[in-house]
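One-letter residues, chain by chain:
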Amino acid sequence: MTLDTNINPILSDYSLDDIEKMKIAFYHYFPLGMWTQTGDMRFLEKLKEHLEYLNVKVELFDIWSKQHDHNIIHLFGYTHELASFAEIAKKFGIKVVWSTIATNSTPAWMWKSWGLLDNNIPVATTYRNLQRLFKVCDVILPGSNTELLYLHDAFGVNKDKMSVINYAVEKKLASVSADAFIEQYKITDFVLMVGRISKRKGQLKVIKALENLDIQLVFIGYPAPYEPDYCDEFFKECEKRSWVHYLGVIPDEILYSAYTAAKVHVLPSKNECPGITSLEAGMAGAEVVAVKDPAIYDYLADEAYYCNPDSVESIRKAILNAYRSTSNKNLQSRLINEFSWEVTGMEVLNIYQNLLKDS
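(A) Spatial organisation of the sheet that holds strand β11 (residues 305-307). Reading across from one edge, β8-β7-β6-β9-β10-β11 is the order of the six strands in this open sheet, with parallel pairing throughout. Strands at the two margins of the open sheet, each flanked by one partner only, are β8 (244-246) and β11. Geometrically, the sheet is characterised by an average inter-axis angle of 25° between neighbouring strands, direction not taken into account. Here five bridges tie strand β6 (residues 190-194) to strand β7 (residues 216-220), and the two strands are oriented parallel to one another. Within the sheet, the bridge partner assigned to V191 lies in β7 and is L217. Relative to β6, helix α11 (residues 252-261) is tilted by about 140°, and along the sheet it contacts β6, β7 and β9 (264-266).

Written out as structure tokens, the structure is:
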């Protein structure tokens, strides 16, 4: 039976039976992601939303439920604690897909060194548990070609077992109005930074970079609960300056409007893959400042301004160049054409379908 294209014309090549037999569970181990809305959790939520638009049944796995009739469990996050869970799922005959969301914060050579030592260590190591996870998964989904090559180099993961699934961004951001944010906060022509308040993200460096420039600076995001000293210092530095505004966590509709209202979005942190907030800001038409890590460059290419995250002066220069530029919307066009949820959702659906064909 063919799916009625009036329901969703994107699915004209799929049968209703194919779609209806899919029963997908999403599982995310990392509590911090659920409590502070990390990028990987945002990716999970948006992927669920867009798969459901394609009529795929997706549940958030409930660890207290005895239910185990899913035919695919999709794991999210670069953590070795997922290994035992994945192995048990396989014993119940469930296919396992893993979106690794892996950063290169640990160099590949270091992981390979652990591999050489691992056989002589009598207890399970992080390396050993990750290898268990790579082995048991049916399909591994890195978020970029850079991430794929890193996993292959660091852990020897077979490239044929991996398929790049791009992180995506909603096209509707390209048409969101700035009015809602401006009406609520009365701030215009500002630099924006959205992200968890933590040392790795670099909010304090951004404050120092914009000192004495007469530019409004807006921060949005959860304070990292594991870095109370950094967060306390951040709050104190914000309070000292009338031109710095920390808004905490705000609803998506206001956040999207903030992206549109901002002249520049900055994310001067290493090892992003690639930084969902950079993509959202770029889709909304803001100029984007980021770090030129390979995985980030895979997404932003030459359409962003890049800085050295260890240099306040470099961050300052990149922000000023972006702030003074005449917007040409090249990044927005790139994101619309290459990194939309319409494309990513269909690619994940194809992976699910191919896995179930092999069942």
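(B) How the structure looks around α11. Counting buried positions along α11 yields seven of ten residues, so the element is predominantly enclosed. Those residues of α11 not exposed but buried are I254, L255, Y256, S257, A258, Y259 and A261. If you follow the buried residues of α11, they end up packed against α3 (39-53), α8 (179-185), β6, β7, β9 and α12 (276-284).

(C) Focus on the confidence of the model for the chain. Overall, the prediction assigns the chain a mean pLDDT of 90, with 92% of residues at 70 or greater. Confidence over residues 1-10 falls short of pLDDT 50; this stretch has 19 contacts with residues more than four positions distant or in other chains.

(D) Quick look at a nonpolar patch on the surface. A cluster of nonpolar side chains, namely W109, M110, W114 and L117, defines an oily patch on the protein surface of about 430 Å² accessible area. Here W114 lies in helix α5 (residues 108-118). W114 gets classed as partly exposed once you look at its relative accessible area, which sits at 39%.

(E) Molecular detail of the environment of L60. For L60, the position within the fold is in strand β2 (residues 57-60). With 16 residues separating them along the chain, L60 and L44 place their C-alpha atoms 9.7 Å apart. Ignoring sequence-local partners within four residues, the contact set of L60 consists of F26, L44 and K48.

(F) Broad picture of the packing of helix α4 (residues 82-91) against helix α6 (residues 126-136). Where α4 meets α6, the axes come as close as 8 Å, and the angle between the chain directions of the two elements is 30°. Between α4 and α6, the interaxial angle falls into the category roughly parallel. Handedness of the α4/α6 crossing: left-handed. On the side of α4, the interface is formed by L82, A83, S84, A86, E87 and K90, while α6 contributes N129, R132, L133 and V136. Among the residues making up the contact of α4 with α6, the classes are represented as five nonpolar, two polar and three charged.

About the criteria used
- Residues numbered from 1 in each chain as written.
- Predicted model: local features only at pLDDT ≥ 70, side-chain atom pairs only at ≥ 80, totals over all residues.
- Heavy atoms only, no water.
- Pairing = 2+ DSSP bridges.
- Helix = DSSP H or I, 4+ residues; strand = E, 2+ residues; numbered from the N terminus.
- Axes fitted to C-alpha atoms, helices over the stretch in contact; angles between N-to-C directions.
- Contact = heavy atoms within 4.5 Å.
- Buried < 20%, exposed > 50% of the residue type's maximum accessible area, 1.4 Å probe, protein only.
- pLDDT = per-residue confidence, 0-100.
- Patch = residues over 30% accessible without salt bridge, like charges linked within 9 Å, V, L, I, M, F, W, Y side chains within 5 Å.
- Areas by Shrake-Rupley, 256 points an atom, 1.4 Å probe, with all protein chains shown as cover.
- Salt bridge = Lys/Arg side-chain N within 4 Å of Asp/Glu carboxyl O.
- Parallel < 35°, antiparallel > 145°, perpendicular 65-115°, else oblique.
- Left-handed = near helix turned anticlockwise from the far one by under 90°.
- Nonpolar A, V, L, I, M, F, W, Y, C, P; charged D, E, K, R; others polar.

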